[in-house]
Amino acid sequence: MSHVSQPDIDISKETLPFLMDKFVVDFANGIHVTNDHIRVQKKCTGFFSRLADSVTGTSAIRQADINGNLANGVESSLKWLGELSESSAQSNYAITCINNHLNTLKHDVARVAHYSADTRQLLNVLSKKMTERCDSLEHEVARIDFVQRVQLNLEHVFSKWGAGKYQHLSLANRCYAAVEELYWGAFGDFYRSNACLSNKQSFLEIAKNKAVEQLSKDANAACMTRIETQYWLAVPNSPNAAILVDALAYMGGEASDEIQPFIYSATQQPKLLPLRMPRLCSAERLGSAILNEIIGGRVHV
Amino acid sequence: MIAMHKNNIEPWRAEAQRLLRLTIEVLENMMSAKGIIADAQPGSLRTFDRSSTPKYIEVLRGELVKLENMELVLAVVGTMKAGKSTTINAIVGTEVLPNRNSPMTALPTLIRHKPKQITPTLKLKNNQPINNLFKVISTCLENKLVNECISTESNADKDMMSLINNIKSNSIFKQDYQGAGDIFSCLKELSDLVRLSKKLGIDFPFSEYSNINQIPVITVEFAHLREAGKTYGQFTLLDTPGPNEAGQEYLRDMLNEQLQKSSAVLAVIDYEQMGSEADEEVRKQIRLRTKDCGEHLFTLVNKMDRKNRNGIDETEVKKYVAETLLKKSIKAEKVFPISAELAYLANRAKSEVFMHNKLPEDSWVKDFLREAFGREGKDHANNIAKVKSTANQIWNESGFNDLMEKVIFPAHTNVELLAIKSAISQSRDYMNKATSYLNNRLVSLSKSQTELDEKIDELRHGLKKIEGQEQVIDKLIKNASSTLYKELESTLIDAKKNLKNSTEILLKTGAYGLTKDKKGMLRSLRRDEVDTALDELQKRINKITEEELSKLKDKFVRIVHKVISDFDAEIVKVKGIVGDVNKSFVESDFSINIKVIDLSVDIVMANTSLAEKIVSEKEKKTYQVDADGFFNAFLRLLNSDWGKESKSHETEVFLADMNKVEGVINSDIEGAFKRYLVETENKIMSPLSSEIDLVFNSLKKEFNYVSSDLQQGINDKALEKNVQNDLRFNLEKLLQNFVDAKPDIEGIASDLDKTGAIV
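All values derive from a computational prediction rather than experimental measurement. (Residues numbered from 1 in each chain as written. Chains lettered and ligands numbered in written order. Predicted model: local features only at pLDDT ≥ 70, side-chain atom pairs only at ≥ 80, totals over all residues. Heavy atoms only, no water.)

Caption draft 1: Layout of the overall build of chain A. What chain A contains, in helices and strands, is 15 helices and two strands. Taken across its 301 residues, chain A has 52% of its residues classed as buried. Considering only contacts in chain A between residues 6 or more positions apart, those separated by 24 or more positions represent 74%. When the accessible surface of chain A is totalled, it reaches about 14000 Å², and 52% of it is carbon and sulfur. (Helix = DSSP H or I, 4+ residues; strand = E, 2+ residues; numbered from the N terminus. Buried < 20%, exposed > 50% of the residue type's maximum accessible area, 1.4 Å probe, protein only. Contact = heavy atoms within 4.5 Å. Areas by Shrake-Rupley, 256 points an atom, 1.4 Å probe, with all protein chains shown as cover.)

Caption draft 2: The confidence of the model for chain A, seen in detail. Residues and elements named next belong to chain A. Summary statistics for chain A give a mean pLDDT of 81 and a share of 84% for residues scoring 70 or more. Of all the helices and strands in chain A, helix H4 (residues 59-67) carries the lowest mean pLDDT, 48, while helix H14 (residues 261-268) carries the highest, 96. Every residue in residues 35-44 scores below 50 in pLDDT, and together they form 32 contacts with partners more than four places removed in sequence or on other chains. (pLDDT = per-residue confidence, 0-100.)

Caption draft 3: Inspection of the interface of chain B and chain A at higher detail. Facing 16 residues of chain B, the contacting portion of chain A comprises nine residues. For the pair chain B and chain A, the summed buried surface comes to about 1100 Å²; carbon and sulfur atoms form 51% of the total. It is B:Pro11, B:Arg18 and B:Asp744 that lose the most area in chain B upon contact with chain A, and together they represent 38% of the buried surface on that side. For the interface between chain B and chain A, the tally reads three salt bridges. (Buried area = accessible area lost by both parts, 1.4 Å probe. Salt bridge = Lys/Arg side-chain N within 4 Å of Asp/Glu carboxyl O.)

Caption draft 4: Highlighting the sheet that holds strand S9 (residues 335-337) of chain B. Residues and elements named next belong to chain B. Here we have nine strands laid out as an open sheet, ordered S4-S3-S5-S2-S6-S1-S7-S8-S9, and mixed in their pairing. Two strands close off the open sheet at either side, each with one partner strand: strand S4 (176-178) and S9. This sheet shows a mean twist of 20° between the axes of neighbouring strands, independent of strand direction. The strands that helix H3 (residues 84-92) touches are strand S1 (71-77), strand S2 (109-113), strand S5 (217-220), strand S6 (234-239), strand S7 (264-270) and strand S8 (297-302); relative to S6, the one it contacts most, it runs at about 165°. Of the strands in this sheet, S2, strand S3 (121-123), S4 and S5 touch helix H7 (residues 179-200), which is tilted by about 135° from S4. (Pairing = 2+ DSSP bridges. Axes fitted to C-alpha atoms, helices over the stretch in contact; angles between N-to-C directions.)

Caption draft 5: Focus on unusual backbone geometry. Even without being glycine, A:Gln269 reaches a positive phi, approximately 45°. By the element assignment, A:Gln269 lies in the loop between H14 and strand S2 (280-281). Located in the positive-phi region is B:Asn170, a residue other than glycine, with phi close to 60°. Within the secondary structure, B:Asn170 is located in the loop between helix H6 (158-168) and S4. With a relative accessible area of 60%, B:Asn170 lands in the exposed category.

Caption draft 6: Structural context of the nonpolar core. Counting 94 residues, the largest nonpolar core has B:Phe235, B:Leu237 and B:Phe368 as its most contacted members. With near-sequence residues (within four places) excluded, B:Phe235 lies in contact with B:Leu72, B:Leu74, B:Ile91, B:Ile111, B:Arg112, B:His113, B:Phe222, B:Leu225, B:Met404 and B:Phe409. Counting residues in each nonpolar core, the second largest holds 87 residues, with A:Leu19, A:Cys97, A:Leu137 and A:Leu233 among its members. (Core = buried A, V, L, I, M, F, W, Y, C linked by side-chain atoms within 4.5 Å.)

Caption draft 7: Highlighting the environment of B:Leu190. Residue and element names in this part refer to chain B. With respect to the helices, strands and loops of the structure, Leu190 is situated in helix H7. Since its relative accessible area comes to 3%, Leu190 is described here as buried. As for Leu190 and Leu163, which are separated by 27 residues in sequence, their C-alpha atoms are 9.2 Å apart. Dropping the residues within four chain positions of it, Leu190 is found in contact with Ala106, Leu107, Ile130, Phe173 and Phe204.

Caption draft 8: Geometry of the state of the cysteines. With the rule as written, the count across this model stands at zero disulfides over all chains. No disulfide involves A:Cys97; its nearest neighbouring cysteine sulfur is the one of A:Cys134, lying 9.2 Å away. (Disulfide = S-S within 2.5 Å.)

Caption draft 9: Quick peek at the packing of helix H11 (residues 197-219) of chain A against helix H15 (residues 283-296) of chain A. All names here are of chain A. Two numbers describe how H11 lies on H15: the axes approach to 8 Å, and their chain directions differ by 135°. If you check the angle between H11 and H15, you find them oblique. Between H11 and H15 lies a crossing of right-handed hand. Residues Leu204, Ala207, Lys208, Val212, Leu215 and Ser216 of H11 pack against Ala283, Glu284, Leu286, Gly287, Ser288, Leu291 and Ile295 of H15. Among the residues forming the contact of H11 with H15, the class breakdown is eight nonpolar, three polar and two charged. (Parallel < 35°, antiparallel > 145°, perpendicular 65-115°, else oblique. Left-handed = near helix turned anticlockwise from the far one by under 90°. Nonpolar A, V, L, I, M, F, W, Y, C, P; charged D, E, K, R; others polar.)

Caption draft 10: Structural detail: the pattern of salt bridges. Counting across every chain of the model gives 39 salt bridges over all chains. For B:Lys742, the salt bridge identified is with B:Glu746, shortest N-O distance 3.6 Å. Within this pair, B:Lys742 and its partner B:Glu746 are both found in helix H22 (residues 721-755), separated by four residues, close to a single helical turn. Overall, B:Lys742 belongs to the partly exposed group, its relative accessible area being 39%. Overall, B:Glu746 belongs to the partly exposed group, its relative accessible area being 24%. What you see here is one network of salt bridges that share partners, running through A:Arg285, B:Glu15, B:Arg18 and B:Asp744.

This is the structure:
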C-alpha cells in the first residue's frame, strides 16, 4: 500500500465531498454476520484503506479491527461505525443506506444465537439513532423550502464546476463528480423522495442542461458536436490528478461496464473501452448518459 | 479530395466497429435468450427467425472483417530502369528489394508495414512448387551437355552460377527468410530462377502463384511510418512485375484485381529517360498495366532531384511533365516529381539513427553524407542530431512526403470512408429492425388478446385496401398502354393520308419538274432529273414525317403525364392508408414505420428525331443501307428499281416506280410510329410497371412482417405468467442495448452523410 499524505486525501475530500459518506456506507456494508464470523469486504485495500487511515490517524490499531475476523470484530466495527456516522456521514443518503444495512444486520443477528447481548444492544442503539435521523429527513423533504435547498444544491455544484474546482479531473469525471455530488445531496434526497414525478423530471432536466452546458464549455465545442471519447476521458496533466484518479476509481468501483459504461469508462480508465461505450460523444450524449447512469440507472435505497 | 482530415477517420472506424460488434452481440443474445426468436415457418414472414437471424449476423460479420482488414495498398508499377525497386526501398527505409539492371520482380510481392518489426522477414508459404522446380532443374543439369552449355553461358554471371551450385547441392527454398540480406538473396535467387528455367526450357510454376495469398510477403516496420506514430490501418506495398515479364499470363487476373482494389497505383517513370525510345516502351507497359486504374493512378517522375529542376517550381514541373513530356495523357495534379534515390538515402539514414543512434560504415552512407553535407560530408557523420534533421529535410525534398500526405493517405481515407458508410448503414438497418421487433413483442405482452386481434385485423384491412389500390393503379397503367396504342392508330391513319396527299399534289403539279405517268412511273431521259426529283421528294417526306411524329409525341406526352398524375393521386391514397396504420400502431406504443418507397423512374420521353438524324447523315447520292434507318427500305427500293429500263431503245429512259415508293413510305412511317410506341413502352411504361410492383411487394411484405410479429405476441400470451415475466425481462434488457445506442448510430450516420466520400 502506497503511503498517502494527509494533504492528498484533503484534496480528494475537498473536490469530492461525498467521498467520506461513501466511505462510511461502504464500511457499514462491509460488516457482515455469518456463522459467528464477521467478514469485512475486500474494500480494505487501496483507496478505502487510505480513507480509513485518514479518519483514524492510528491506522495500525484500527486496521486490525477492520480486518479482524474475531467475533468481537463486529462489536468494535459497530462502535466505530457509530463514531464515523456522527463525524463523517453528513448526507441523508448515507444515513439511509447505513440504516438499511443495520436493519439487515439486526435481522441476521437475531437468527444467530451466539452474539453477546452487548453486541445486540449496540446494534439496537445505533439502529435507533439512524432511524431517527431518517425520520427527520422525511419531514425535511416534505417541507416547502426543501425545493429551495434542491435549487441551492444545483447552483452550488455547478458554480463549483464553473469556477474550475474540478480542473484536475478529466472532462467526463468532472461531470461524474458533479452528478455524484448532486446525488448525495439535497437533489438526490428529493429525487428519492415521493415528490411528484413531474417535479423530479424538471430538476433532472435542469441538471442535465447545466451539465451539458458546462461540458461543452470545458471542451470548447458545441453541445451536439461529436468528439473522440478519449478526449473526454483524458486526465489532465497536473500534480493532483493522480490522487483524484484513485479517489474516482474508488467512487465508481461498483460500476458495471455493461450497465454503466460511461461511469465505468470515466472512473476505471480501462485500456479497452467497453462495447457499450461510444467512441465518439457529444457533450449532450455524455452528460445525459452520466446523469442517467447515476440517477436513473442505480438501485435507490 | 474530401475535406476530412485523415486523423478523424480512426474514431469513425472504431465507432463503426463497436456498433457492428454491439449489433452482432445483441442479435446473438436474441438467438440464445429463451423465447425471443422462433423457428422459421414456411409461409410465415417474420422479421427475425432462426433461419434469417444467423444470416443477418453473417452480413454484419462480413462488414466487420472488411473494416478490420482494410489495408492501404500501394501498388507500384514500373521497371527496374525507372527505379521501381528504389522507390519501394525508399518507402520502406531498408534495402529489401534487390536493385540491379535486369528484371527483378519474378513474382508480385507484398511488403507490409508492421510496427516494431525491425528485422524484415519474408514468408513464402507456398515454397513447394519452387522446390519441385529445383528438382526438375537438378535432373536436367545431370545431363552433361546441358550442364556444360549452361555453365559456359553463365560463366560471367556470378549470381546464376551460385544458383546453379545451390541447385546442384540439393539446397531447398525456405518458407521464411530473416533479415534484409537473406531476403535480398532470396528474391535475387527467385528472379535468377525464372531466367534459368527459361534458358532450360522448363516452365516456371507461375500458375501456382496466381492467388494473392500465395505470393511472397515481406513484413517490416516502415521507417517513416514509425516516426509518424499514426495508425493508418495496415499499410502495404505491392511490387508488381512488368506486364512483359515472364509468366504474366498466369498472374494478370490477380494483378488487375489487386490494382483495382488498391488505394493508389504508383507508376514510376524515369525523368532522364523521358522521350527516349526505351521510355516509350516502358510507358506502353505501364499503360497496359494501369489502363483500368482510373482516378487512383499517380505518376511518379523519378530522378527529379535538385540538379534536374533548375529552379522551376513544383507546379511548373508537374505541368511540364504532364503536358509536354507525357503529352497530356495524365492530369498535372497526378504527377509527382520524386527522387527515389534521395528518399531512400534519407529514410535509410533515419532508420539507422533510430535503431543504432549512429550511421554504419556502408557505401550508401557516403552517398547520403555527400547528399546531405556536400564534400565535407564525413565530418558530420557523428553529429546525430544534425544527421536526423538533414535526413528529414532530404525526405521532404525527395517529394515523397508530399506524395504520402497529399495523395496516398487521403485516397485511402476515401476507401475507408466507403467501407465505414456501408458498415453503418447495415448496422443501422438491423438495429432499427431489431428495435421494432423487440419493442412490438414487449408491447404485445402488455396488450390483451382482443387488442392484438384488433391490430392484426387493422393490418389485414389496410392490406386489403392497399391491394385494392394496387389494382386501380395496374388498371391505370393498362389503360394508358391501350390509349397509347389507339392514339398511334388514329395518328398513323392521318399521317399516311397526309403523306399521300402531299406527294400526290407534288407529283401531279410536277413540282420537281417531273410528273407521274398512268402506271405511276416517274420517268426522264436524264438520270440526274429523276435523282433530283427523288431527293426533293425525300426531303418533303422527311419533313412531313417529322411533323406527324411530333404530333404523335405530343399526344403520348399528354397520355404519359396523365397516367403519372393519376398514379400520384392513387399513391397519395396508399400513403394515407399506410400513414393511418402507422399512426394507429404508434398510438398503441408499437414501433412501426412502414414506408412507401418513392418511385425512381425517370420520365423522359423518347426522342422523335430518329428520322431526321438518319436522313441528315446520309449522303444524297449513295443511299447507304443503315440497319436502323427510317428510310432505308425506301432508298433500297429506289436503288434497285430505277435504272436502265431497256437496252434496245435508242435512248435510255430512267424510271422510278412511284407505287412501290408509296408502299415503302407507308410501311416506313408505320415502322417509325411503332418504334416510337415501343420506345415509350420500354422507357416509361414497363419501368413504371415494375417499379410499382416493387413498391407494392415491399409494402405487402412489411405488413406481413408486422402481422407475423403480432401473431407471435398472441402466442406469447398463452405462456405461463412466470415465463411471460422472464420473456419481458429479456426483451427489455435486449431492447435497452439498442435504445442506448440509437443516438450513436444516428450521430455517426449523420457525420458520414456530411462527408460525401467520392466513389
